[in-house]
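Each chain is listed here by its residues.
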Amino acid sequence: MTVTRGPEARAHALLAGRPLRLGTRRSALARAQSEKVAETLRTRLRHPVELVPIVTAGDQSQVAISQIGGTGVFVSALRDALLAGEIDLAVHSLKDLPTATPDGLVLAAVPRRADTRDVLVSPSGRRLSELGPGARVGTGSPRRAAQLLALGHGFEVVPIRGNVDTRIKKAIDGEVDAVVLAHAGLDRLDRLDAVTEIISPEVMLPAPGQGALAIECVRTPAGGGPAHDQTGPEAGQGFDEGLAELLRFVLDDATSSVAVRAERAFLAGIEAGCTAPVGALAHVLPGTDARPVAGGDDAPAVGEIRLRAVVAAPDGGRVLRRELTGSAVDPEALGQRLADELLSAGAHTLMGTS
């Protein structure tokens, strides 16, 4: 990518002097993380950014995500608003984003990723290993539930939904003994004081994309032809991306982007949605580098990535774990290889999808 003008000038030229409209879910967490993105854009672009709250299907119901549409329930309304021209960009929690991007949209940027781990909130101060048989642990995530049950501690996993404060309150009020939440969410809400234990990925692998944000916008092909389905911020060469190019320049973090591309390729290859009992975590190995090599903005990344994944039966009775290391030049290929290994080991049967 070549930026021939400063970000401020490009923003004004693209937006004709009007504010940049950033779509966000209405929840406190969504607004907090969207406001951080908005502030970065205001600072870097020297251009006004306004938040446009959008109500999604996932925000309107308290039943299990799988019962109200599963994958995409938190993003469909935002995507509709993008395609309708009501907003210019949307900020998603990347773990909620389906691996297939609709025609006309592009995943333009992945900002620097926050902590990927899950955490335990226990008002009694007990850690996972101290909760004991019969302890009621709350989570709305099949991935977390399966891995909690697989620990063999005799937990009763209680399905819960609601925003972060609502779920913490269930533990405080004694409806459950503890809840499991994402570290990144508590951090963005300044609620890390509630954390009893940060759970190691060796105990519980996070959801693919956990801790990362996805910046999505409309993508207009050169010549007005149809856009193609894309899954990563590197996609779209040969198109006049306009705003997507600017957002990538201002917001994208190469190392975070490469890691989540590997995780999302695994998720797509395993053919599981964001509500399946599947976890994955990739990171660039120490001493390597996922930034572009010299020779142009479109040069491939270098270095190596370690990708770990887990697929579990919903009851935790059987768990498959695998890991691979591969080149950061093609993180999607690494994700697909790991998915193939787990599929060969019976992952579909484990998830009940075949």
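So, how was this worked out
- Residues numbered from 1 in each chain as written.
- Predicted model: local features only at pLDDT ≥ 70, side-chain atom pairs only at ≥ 80, totals over all residues.
- Heavy atoms only, no water.
- Helix = DSSP H or I, 4+ residues; strand = E, 2+ residues; numbered from the N terminus.
- Buried < 20%, exposed > 50% of the residue type's maximum accessible area, 1.4 Å probe, protein only.
- Contact = heavy atoms within 4.5 Å.
- Areas by Shrake-Rupley, 256 points an atom, 1.4 Å probe, with all protein chains shown as cover.
- Pairing = 2+ DSSP bridges.
- Axes fitted to C-alpha atoms, helices over the stretch in contact; angles between N-to-C directions.
- Core = buried A, V, L, I, M, F, W, Y, C linked by side-chain atoms within 4.5 Å.
- Parallel < 35°, antiparallel > 145°, perpendicular 65-115°, else oblique.
- Salt bridge = Lys/Arg side-chain N within 4 Å of Asp/Glu carboxyl O.

Engineer: Lay out the overall build of the chain with the relevant residues and their values.
Structural biologist: A tally of regular secondary structure across the chain gives twelve helices and 13 strands. For the chain, buried positions account for 51% of its 354 residues. A sequence separation of at least 24 residues applies to 69% of the contacts in the chain between residues at least 6 apart. Total accessible area computed for the chain in this model is approximately 14,800 Å², and 49% of it derives from carbon and sulfur atoms.

Engineer: Any details on the sheet that holds strand 7 (residues 156-158)? Residues and values, ideally.
Structural biologist: Read from one edge to the other, the open sheet built from five strands follows the order 7-6-8-5-9, with strand pairing classed as mixed. Every other strand in the sheet has two partners, leaving strand 7 and strand 9 (197-199) as the edge strands with one partner each. Sheet twist, expressed as the mean angle between neighbouring strand axes with direction ignored, is 30 degrees. Where strand 5 (residues 118-121) and strand 8 (residues 178-182) come together, four bridges link them in antiparallel fashion. By the bridge assignment for strand 8, Leu120 is matched with Val180. Across the face of the sheet, helix 6 (residues 142-150) comes into contact with strand 5, strand 6 (136-138), strand 7 and strand 8 while running at roughly 130 degrees to strand 8. Sheet strands touched by helix 7 (residues 164-172): strand 5 and strand 8. Its angle to strand 8, the strand with the most contacts, is close to 155 degrees.

Engineer: Tell me about the nonpolar core, residues and numbers included.
Structural biologist: Taken as a class, soluble globular proteins show a tendency for nonpolar side chains to be buried jointly. Core analysis: the largest hydrophobic core is formed by 26 residues, its most contacted members being Phe266, Ile270, Val278, Val311 and Leu342. Among the secondary structure elements, those contributing two or more residues to this core are helix 10 (254-270), strand 11 (278-284), strand 12 (304-312), strand 13 (319-327), helix 11 (331-344) and helix 12 (347-351). Ranked by the residues each element gives to this core, the list is headed by helix 10, at six residues.

Engineer: Can you break down the sheet that holds strand 13 residue by residue, with the values?
Structural biologist: As summarised here, the arrangement of the three strands in space is 11-12-13, forming an open sheet in which the pairing is antiparallel. Every other strand in the sheet has two partners, leaving strand 11 and strand 13 as the edge strands with one partner each. Direction aside, neighbouring strands of the sheet carry axes that sit 10 degrees apart on average. One ladder, built from nine bridges, connects strand 12 with strand 13; its direction is antiparallel. Among the inter-strand pairings, Val311 is bridged to a residue of strand 13, identified as Leu320. Strand contacts of helix 11: strand 12 and strand 13, with the helix running at about 150 degrees to strand 13, the strand carrying the most contacts.

Engineer: Lay out the packing of helix 2 (residues 28-45) against helix 9 (residues 243-251) with the relevant residues and their values.
Structural biologist: One can describe the packing of helix 2 onto helix 9 by two numbers: an axis separation of 10 Å at closest approach and a directional angle of 95 degrees. Between helix 2 and helix 9, the crossing angle belongs to the class labelled roughly perpendicular. Where helix 2 approaches helix 9, its residues Val37, Thr40, Leu41, Arg44 and Leu45 are matched on the opposing element by Leu246, Leu247, Phe249, Val250 and Leu251.

Engineer: Describe the pattern of salt bridges, listing the residues and the values that go with them.
Structural biologist: Evaluated as defined, the whole model comprises 20 salt bridges. As a salt-bridge pair, Glu216 and Arg79 come within 3.0 Å of each other at their nearest N and O atoms. You can see Glu216 sitting in strand 10 (residues 213-218) and its partner Arg79 sitting in helix 4 (residues 76-83), a full 137 residues away along the chain. What makes Arg79 buried here is its relative accessible area of 7%. In this structure, Glu263 and Arg113 form a salt bridge, with 2.8 Å as the shortest nitrogen-oxygen distance. Of this pair, Glu263 sits in helix 10 while Arg113 sits in the loop between strand 4 (105-109) and strand 5, placing them 150 residues apart in sequence. For the pair Glu263 and Arg113, a shared accessibility class is recorded, and that class is buried. In the salt-bridge network here, residues are joined through shared partners; they are Arg18, Arg21 and Asp88.

Engineer: Give a detailed account of unusual backbone geometry, specifying residues and quantitative values.
Structural biologist: Backbone geometry places Arg46, a non-glycine residue, at a positive phi of 50 degrees. Assessed through its relative accessible area of 59%, Arg46 is described here as exposed. You will see that Asp190, though not glycine, has its phi angle at about 60 degrees, which is positive. Assignment of secondary structure puts Asp190 in the loop between helix 8 (183-188) and strand 9. Under the relative-accessibility criterion, Asp190 is labelled exposed at 67%.

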